[in-house]
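Structural overview for review
Below, each chain spelled out in residue letters.
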Amino acid sequence: MTGREPTMTVLPPPTGPYAIGTVTRRWTDPDRPDIFVGPDAGPRELMVQLWYPAEPQPGARVAPYVEDPRTLEQLALLMKLPRDAFAHLGDVRTHAVPGAPVADDETAYPVLLFSHGRCGVREHNTIQVEDLASHGYVVVTIDHSHAASGVRFPDGRLVEFDPRLLPPWPRHAPDDPQGPWIDSVIPYLAEDLRFVLRRVAALNADRAEPLAGHLDLERVGVFGVSLGGVVAAEACAHEPGFAALMSLDAYVPADALSGRLRQPTIWITRDAATMRREGWDEYDVSLAHRSMRVAFEGLPGDGYIVLVPGMYHIDFSDGRLLSPLIAKRGISGSIDVDRAIEVVRTYSVAFFDRHVKGIAAPLLDDGPVPEPDLAFERRRRTAPAPVAV
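Computed from a predicted model, the values in this text were never measured in an experiment. Counting of residues starts from 1 at the beginning of each chain's written sequence and follows it residue by residue. Selection of residues for local features in this predicted model requires a pLDDT of at least 70, selection of side-chain atom pairs for listing and counting requires 80 or more, and totals for whole chains, interfaces and linings are taken over all residues. Excluded from the side-chain calculation are hydrogens and water; included are all heavy atoms of the structure.

**A word on the side chain of Ser 226**
Heads up, the condition is: Strands are runs of DSSP state E lasting at least two residues, helices are runs of H or I lasting at least four, and both sets are numbered from the N terminus onward. Residue contacts are defined here by distance: any two heavy atoms, one from each residue, within 4.5 Å place the two residues in contact.
Mapped onto the fold, Ser 226 is located in the loop between β8 (215-225) and α4 (227-238). If we ignore the near neighbours within four places in the chain, the residues touching Ser 226 are Gly 117, Leu 248, Asp 249, Ala 250 and His 313.

**Some points on the packing of aromatic side chains**
Note the following rule: Two aromatic rings from Phe, Tyr or Trp, using only the six-membered ring of Trp, form a pair when their centres are within 6.5 Å; if the ring planes differ by under 30 degrees the pair is stacked, by over 60 it is edge-to-face, and anything between is tilted. Classification of residues uses two cut-offs on accessible area relative to the type maximum, computed with a 1.4 Å probe and protein chains only: under 20% is buried, over 50% is exposed, and between them is partly exposed. Charge over a ring is defined by NZ of Lys or CZ of Arg lying within 6 Å of the ring centre and within 35 degrees of the ring normal.
All chains considered together, the criterion is met by ten aromatic pairs. Considering the side-chain rings of Tyr 304 and Phe 351, the 6.0 Å spacing of their centres and the 80 degrees angle between planes classify their relative orientation as edge-to-face. Taken as a pair, Tyr 304 in strand β11 (residues 303-307) and Phe 351 in helix α8 (residues 337-357) lie far apart in primary sequence, 47 residues in all. Phe 351 shares its class with Tyr 304; the two are buried. Site record: aromatic cluster; members linked through ring pairs are Phe 114, Tyr 137, Phe 223, Tyr 304, Tyr 347, Phe 351, Phe 352 and Phe 376. Residue placement shows Lys 357 over the ring face of Tyr 137; its charged tip is 4.5 Å from the ring centre.

**Observations regarding the nonpolar core**
Generally speaking, a soluble globular protein has its nonpolar side chains buried in company with each other. For clarity, the threshold we go by: Among buried residues, those of type Ala, Val, Leu, Ile, Met, Phe, Trp, Tyr and Cys that are joined through side-chain atoms within 4.5 Å constitute a nonpolar core.
Counting residues in hydrophobic clusters, the biggest one holds 80 residues, and the most contacted among them are Phe 86, Leu 113, Leu 193, Val 196, Phe 242 and Trp 267. When residues in this core are grouped by element, the largest group, twelve residues, is from helix α3 (residues 182-204). Beyond its immediate stretch of four places on either side in the chain, Phe 86 contacts Pro 69, Leu 72, Leu 75, Ala 76, Met 79, Leu 81, Leu 322, Ser 323 and Ile 326.

**Describing the pattern of salt bridges**
Defined as follows: Each reported salt bridge corresponds to a side-chain nitrogen of Lys or Arg within 4 Å of a carboxyl oxygen of Asp or Glu.
Under the criterion given, the structure shown has 33 salt bridges. Close ionic contact of Arg 345 with Asp 131 constitutes a salt bridge, the shortest N to O distance being 3.8 Å. Taken together, the residues Arg 345 in helix α8 and Asp 131 in helix α2 (residues 126-134) connect sequence positions 214 residues apart. Across the pair Arg 320 and Asp 315 runs a salt bridge whose closest N-O atoms are separated by 3.7 Å. Across this residue pair, the class does not change: Arg 320 and Asp 315 are buried. Each of the salt bridges in this network shares a partner with another, and the network as a whole consists of Asp 29, Arg 32, Asp 34, Arg 44 and Asp 192.

Here you go:
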């Protein structure tokens, strides 16, 4: 497929042995008002989608990439594309059958939670998500209302992106010591992940749910891209129930740099030169690499860094395939689109196999086969030797 025009009509096939099923749920957190709306807001509402290993359903109808392409309009505008640039995505098919029976190979499957980027949607890493589900994971993708491009609820409401999430960020009030508004938003979005973890546990106990009893809540990982990577790291700093963290092209928030990030972590990102070539300013380049390095060096357990020159920010998601306009406008990097997909998928499966399933992952355990197009660094921590007294 190398050299093809980057666009998507059908998702690339997953590489794992399992067929895939999917279900979508609306969940409400009665304990948290929606801070994006204001002090008199109702409870926080989220849409989530679960992707899971399923029994094969030959000929069955598969789910569309997005139910309503209008949820992607704000993302198109943010990327300086026409509002309807992603309108065709409602016709793109996934490999997941809605409501398919769960595969009975295992009694229960480990769980992974996914957090999308700023002005993204829960679907924008579906290639990665489907691949993980095909390798025996239940993946829960979350639409962070108001941080997403758009969220369509079952009653027809469309909740759009809150532009206050774009820089320059407003302060709570002039000279407010709390600092920029975004500083309170990241912990709030991290609470979405912790809430979803609780709701997944409730779903696992609900016999009316098709996934009931099939979720292994002793093995839970979390991953995110861009803002979602920041949010995932923040959540891990406060939630011991998350066993492992994957951060895709994101800086590490202050809370996770204070010694609270203790989970095995992998960062998949790119070198500083590629960031500068894409147009990132020096502050953001420094923040991304400096915070990653500090967190990596401070981990009490295993850590990994994968740097892929030529990958632009959008290449860590499905973004490059969403429209041929993306490649034409120079929004994507120089790396071949299929290679970008391969890097994200292979390191995702290897990392979560090793640190959530607890099984061998030669790509990480023995180091990768020499790959001239990326740099790989591994750090292992062992208990210190006893000190003689």
